[in-house]
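# Coordinates in review
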Amino acid sequence: MDFRRSISVMASVAIFIGSANAAKHPVPLDPKADPKTCLECHEDKSKGPHVHSAIQMGCTTCHEIRTNKDVTRVKLTTTTTQALCLSCHDDKKAHDGQTIHPPAVRDCVKCHDPHQSANDFQLLKPTTGATKDDNVCLTCHTQGLDVPKDGSRHAALDMGCQTCHTTHKNGAHGKQEFDYHLTKATPALCVDCHDAKDPALQKVHQGQPFGTANCVQCHNPHQSAKPKLMQAFLHNPFENKMCDSCHQPAKDGKVVLTNSDTRAVCLTCHSDVGDAMEKAKVQHPGAQGDCTACHNPHAGPTPRFMQPDPVNACLACHSDQSEQMKKAHLHQPAFQQGCATCHEGHGGENAHLLRAASVNQVCLECHGPERNPTPVENEPIVTIFNGKVKLPQDYFSKQSVPVLPLQYGAGHPTERHPVSDFTNLQTKAVTPMNCLTCHQPHSGAANGMLVKDQAPNMDFCRSCHSNPLDLKSVGGDTSLAIGGKK
């Protein structure tokens, strides 16, 4: 579908562009026609404020003429627009494990005119403007368009998106400037406009040092439902200006706490968390140290104020999982929502700090037919795992989280296929099985994140089912009895 949409957009700005079904040309052409022949009719494609340099190389650099009897068709020389663009713009290519602006994956002409434009970089529209009709970025993004009545909007939006963003800046996941395609990371980006020595700013920040802080932990860089671009989730003492609960006046430009260390300060109010960590059957060593190693003490764009974000808060110690991010397909809860979606961050009762006693219980909390995300009144979130995990309000609709049609521990990937332990009625042998028998929990090289990075095809099935009869029997024969819980 993406490919067809690419071609649809492209046809509106190019000359008879097609792929497998090339567009019919209105008049016959010689397959070896000189590119100048094209300009006799399409001269407008070579003139304008910003003309693609490839025009000077000739139309047949990108287009191919095909004739069949009396029918002439014109198509691209490559299958996709991206492949054609990257043949010259190789520096825009992103490799597995790197960030990339989604439209750049296949559809360069979603943002760029391939011939000429009135805008820099041959963009279809400028990167400035307040609506999607005059700002190419707002064609997909909605930042700044729906500010609530009592909310706030960053004035920098009026300077143009390119003020802070470099669209094709690709790099390693987990680094702010690459994840969000920024010109530079914060706070360096912010202090280009906001002077940390400004007396008015210092007064607003209660005289506490803030010049080296990560500004976007407390402030939304685009818009907010709160004044002063405050983030969606605020720590109670910070929200209510109770700074003296944790801070003494700054000394020599440095923060001074009301207690010996941040852990002692946190446990003054969160003693219940401290007790739970101490009594946990499975301890999390990372939770025994400084609380601010994982949590921002003031605010954040996500619940629990994880810093720098819910993923990298964990990857700072679990570097082995960083390698998982290099694979082509990432499990959204693990590498976007955060590790604490499935794991207890402070310690728990289950192996691997899982939020449920079994692997399947964890997976089916989102993918099971009985999933039940619970809305939270007056907050833009829903909860799972009995309120322990908070997710965005539109998480299940926006992410299109598939629901497996399971009954009695079976039904995926085909009807009657078991997903939990099953017993062979003939041999009485019990075969252990759970979701991880077939899937990797964090990432994979192919769609479905199957184990050993295998492709989702019959070869994978044959790794367990050695012959066609075996495959048939698992599909519906009574020689297998399914047991265990969903």
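Residues numbered from 1 in each chain as written. Predicted model: local features only at pLDDT ≥ 70, side-chain atom pairs only at ≥ 80, totals over all residues. Heavy atoms only, no water.

## Quick look at the overall build of the protein
Using the following cut-off: Put simply, DSSP H or I for four residues or longer makes a helix, DSSP E for two residues or longer makes a strand, and each gets a number counted from the N terminus. Relative accessible area decides the class of each residue, using a 1.4 Å probe on protein chains only: under 20% of the type maximum gives buried, over 50% gives exposed, and in between gives partly exposed. Residues are treated as being in contact if the distance between any of their heavy atoms lies within 4.5 Å. For every accessible area listed, the method is Shrake-Rupley and the probe measures 1.4 Å; residues are considered covered only by the protein chains on display. His is not counted, nor are the chain ends, whereas Lys and Arg count as positive and Asp and Glu as negative. Charge placement uses NZ in Lys and CZ in Arg. For Asp and Glu, CG and CD serve respectively.
A tally of helices and strands in the protein yields 15 helices and 21 strands. The dimensions of the protein, computed from C-alpha atoms along their principal axes, are 80 × 80 × 35 Å. Among the 486 residues that make up the protein, the fraction classed as buried is 34%. Considering only contacts within the protein whose residues lie at least 6 apart along the sequence, 54% involve residues at least 24 apart. Accessible surface for the protein amounts to roughly 29200 Å². Of this, 55% is attributable to carbon and sulfur atoms. Averaging the locations of the 47 positively and 48 negatively charged side chains of the protein gives two centres separated by 3 Å.

## What about the packing of aromatic side chains?
To describe a pair of aromatic rings, one takes the distance between the centres and the angle between the planes. The criterion, for reference: Stacked, edge-to-face and tilted are the three classes for Phe, Tyr and Trp ring pairs, Trp counted by its six-membered ring, which pair at centre distances within 6.5 Å; planes under 30 degrees apart are stacked, over 60 edge-to-face, the rest tilted.
By the definition in use, this model includes one aromatic pair. Each ring, one from tyrosine 395 and one from phenylalanine 396, has its centre 5.2 Å from the other, and the planes form 90°; the classification is edge-to-face. We classify tyrosine 395 as buried; its relative accessible area is 4%. Among the residues examined, phenylalanine 396 registers a relative accessible area of 11% and is labelled buried.

## Notes on the packing of helix H7 (residues 262-269) against helix H8 (residues 271-279)
Going by this rule: Think of each axis as a best-fit line through the C-alpha atoms, taken over the contacting stretch in the case of a helix, with angles from 0 to 180 degrees between the N-to-C directions. Our angle categories are set so that under 35 degrees counts as roughly parallel, over 145 as roughly antiparallel, 65 to 115 as roughly perpendicular, and the remainder as oblique.
At a closest axis distance of 5 Å, the pairing of H7 and H8 adopts a crossing angle of 110°. When the axis of H7 is compared with that of H8, the two are roughly perpendicular. Between H7, through Arg263, Leu267 and Cys269, and H8, the contact on the second element is made entirely by Ser271, Asp272, Gly274 and Met277.

## Quick look at H7
What counts, and what does not: The reported arc concerns the directions from the helix axis to the C-beta atoms and nothing else.
Residues Thr262, Arg263 and Val265 constitute the buried set of H7. All buried residues of H7 project into a common sector of 160° when viewed along the axis, lining one side. Elements that come into contact with the buried residues of H7 comprise strand E10 (254-257) and H8.

## Some thoughts on the environment of cysteine 366
Note that cysteine 366 resides in helix H12 (residues 359-367). Under the relative-accessibility criterion, cysteine 366 is labelled buried at 9%. With 66 residues separating them along the chain, cysteine 366 and proline 432 place their C-alpha atoms 22 Å apart. Leaving out residues up to four positions away in the same chain, cysteine 366 has contacts with Arg371, Ile384, Phe396, Val401 and Pro402.

## A short note on the confidence of the model for the protein
This is how the line gets drawn: Every residue carries a pLDDT, the predictor's confidence in it, which falls somewhere between 0 and 100.
Residues with a pLDDT of 70 or more make up 92% of the protein, whose mean pLDDT is 87. When the elements of the protein are averaged for pLDDT, helix H1 (residues 2-11) gives the smallest value, 35, and H12 the largest, 97. Predicted confidence is poor over residues 1-21, with pLDDT under 50, and the contacts of this stretch with residues over four places away or in other chains come to 44 contacts. Here residues 472-486 scores under 50 on pLDDT; set against residues more than four positions off or in separate chains, the count is 42 contacts.

## Here we look at the side chain of glutamine 82
Mapped onto the elements, glutamine 82 comes out in helix H3 (residues 81-86). Relative accessible area serves as the criterion here: at 18%, glutamine 82 is assigned to the buried category.

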